[in-house]
Amino acid sequence: MPLVHAFDPPGRFVVGTVGPPGARTFFLRARDGARITTVALEKQQVEALAERIDELLDEVMQADANTALIPAVAPFDLVDNHPLEQPIEEEFRAGTMTLSWDIAIERIVIEVFPFTEAAVVSPDRVDEDPEEPEPDEIFLVKLTAGGARAFVDRARTVIGAGRPDCPFCGNPIDPDGHLCVRANGFRRRDPQQS
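Residues numbered from 1 in each chain as written. Predicted model: local features only at pLDDT ≥ 70, side-chain atom pairs only at ≥ 80, totals over all residues. Heavy atoms only, no water.

Asks: Sorry, what's going on with the overall build of the protein here?
Replies: When helices and strands are tallied, the protein shows 2 helices and 7 strands. In sequence order, the protein lays out its α and β elements as β-β-β-β-α-β-β-β-α. Intrachain contacts of the protein at a sequence separation of at least 6 include 63% that bridge at least 24 residues. Only carbon and sulfur atoms are counted for the fraction: they give 52% of the accessible area of the protein, which is about 12400 Å². (Helix = DSSP H or I, 4+ residues; strand = E, 2+ residues; numbered from the N terminus. Contact = heavy atoms within 4.5 Å. Areas by Shrake-Rupley, 256 points an atom, 1.4 Å probe, with all protein chains shown as cover.)

Structure (structure tokens):
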């Protein structure tokens with residue numbers, strides 16, 4: 001049986017970072033009293049999780065008028081802008097994540113599983129159904145709709161605090177400069193003047 005780090009609901013569930021822009025490490029952290037669980041993950045995973053939580057809440061709002069009131073935005077009293085508590089000791093690096101809506105308790109359910117090499121599928125095996133081994137640990141969080149909207153709000157703030165994107169190529173601009181692939185030293189020419 002895997003070790004399950006369960007929070008239903010957590011006292012605090014946030015995403016945070018450590019390090020300067022361009023070299024940040026992202027963490028998911030849940031706390032309930034003195035019990036804290038921290039999982040490391042990639043920026044793209046944070047973006048995908050926040051986007052999907054927001055979409056799922058919108059879908060539930062539209063599909064079922066009988067659900068408890070789901071806020072369209074994060075309730076002001078649930079906004080959390082505090083830094084991560086120190087020290088940060090990660091349980092594992094996130095791999096697969098699942099997201100669902102539990103109708104019985106009207107909560108978002110997030111499951112995070114550790115990264116394993118077995119979950120990586122090579123391009124020549126995309127059509128196969130790989131068998132993943134049973135995980136050693138699971139990070140399980142059940143959030144109220146308001147708490148989920150607050151998580152999304154903070155996640156977007158944390159993501160936006162990184163390096164700005166280049167308006168031409170979309171890649172991040174480093175503080176010491178940026179080599180833009182779309183402006184590689186050649187002037188753009190009008191094809192009619194050739």
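Still more ground to cover, so stick around.
Asks: Where do I start with the side chain of Asp54 in this structure?
Replies: Among the structural elements, Asp54 can be located in helix H1 (residues 43–63). With residues near it in sequence (within four places) discarded, Asp54 still touches Arg149, Val152 and Arg156.

Asks: Teacher, can you tell me more about the environment of Asp153 here?
Replies: Its place among the elements puts Asp153 in helix H2 (residues 145–160). Excluding residues within four positions of it along the chain, Asp153 makes contact with Ala74 and Val79.

Asks: Quick question: what am I supposed to make of unusual backbone geometry here?
Replies: Peptide bonds are, in most cases, trans, and in most cases residues other than glycine have a negative phi. The amide bond that connects Asp8 to the next residue, Pro9, takes the cis arrangement and shows omega of -20°. Structurally, Pro9 can be placed in the loop between strand E1 (3–7) and strand E2 (12–18). That bond from Gln86 to Pro87 is cis: its omega, -5°, falls within 30 degrees of zero. Among the structural elements, Pro87 can be located in the loop between H1 and strand E5 (92–102). Positive phi is not limited to glycine here, since Glu106 has a value of about 50°.

Asks: Hey, could you run me through the packing of H1 against H2 in this one?
Replies: Packed helix pairs are characterised by how far apart their axes lie and by the angle those axes make with each other. Closest axis-to-axis distance for the H1/H2 pair is 9 Å, and the angle between their directions is 145°. The two elements H1 and H2 meet at a crossing, and its hand is left-handed. Facing H1, whose interface residues are Lys43, Val46, Glu47, Leu49, Ala50, Glu51, Ile53, Asp54, Leu57, Asp58 and Met61, H2 presents Ala145, Ala148, Arg149, Phe151, Val152, Ala155, Arg156 and Ile159. (Axes fitted to C-alpha atoms, helices over the stretch in contact; angles between N-to-C directions. Left-handed = near helix turned anticlockwise from the far one by under 90°.)

Asks: Help me out: how do you make sense of the pairing of E5 in this one?
Replies: Sheet faces and side chains relate simply in a regular strand, where the side chains alternate between the two faces. Judged from the 2 bridges that link them, strand E4 (residues 35–41) and E5 form a sheet pairing that is parallel. Bridge assignment links Ala40 to a residue of E5, and that residue is Arg93. In this sheet, strand E6 (residues 107–114) lies alongside E5 in antiparallel orientation, the contact comprising 7 bridges. Looking at the pairing, Ser100 lines up with Val109 of E6. Counting the residues between successive antiparallel strands, the hairpin from E5 to E6 contains 4 residues, one of them, Glu106, with a positive phi of roughly 50°. (Pairing = 2+ DSSP bridges.)

Asks: I would appreciate a short explanation of the sheet that holds E5 in the present structure.
Replies: Sheet strands pair by backbone hydrogen bonding; their relative direction is either parallel or antiparallel. With mixed pairing, 7 strands are arranged side by side in an open sheet as E1-E7-E6-E5-E4-E3-E2. Across the chains shown, the open sheet's two edge strands, defined by having one partner strand only, are E1 and E2. Going from strand to strand, the sheet's axes swing by 30° on average, the running direction of each strand aside. Against the sheet, H1 engages E2, strand E3 (25–32), E4, E5 and E6, with an angle of about 5° to E5. On the sheet, H2 packs against E2, E3, E6 and strand E7 (137–143) and is oriented at approximately 10° with respect to E2.

Asks: Is there a simple way to explain the pattern of salt bridges in this structure?
Replies: Side-chain pairs of opposite charge can arise whenever the charged atoms involved come near each other. Within this structure, the stated rule accounts for 12 salt bridges. One salt bridge connects Glu42 with Arg93, and the closest N-O pair in it is separated by 3.1 Å. Here Arg93 lies in strand E5 and Glu42 lies in the loop between E4 and H1, a separation of 51 residues in the sequence. With a relative accessible area of 41%, Glu42 lands in the partly exposed category. The class for Arg93 is partly exposed, based on a relative accessible area of 34%. (Salt bridge = Lys/Arg side-chain N within 4 Å of Asp/Glu carboxyl O. Buried < 20%, exposed > 50% of the residue type's maximum accessible area, 1.4 Å probe, protein only.)

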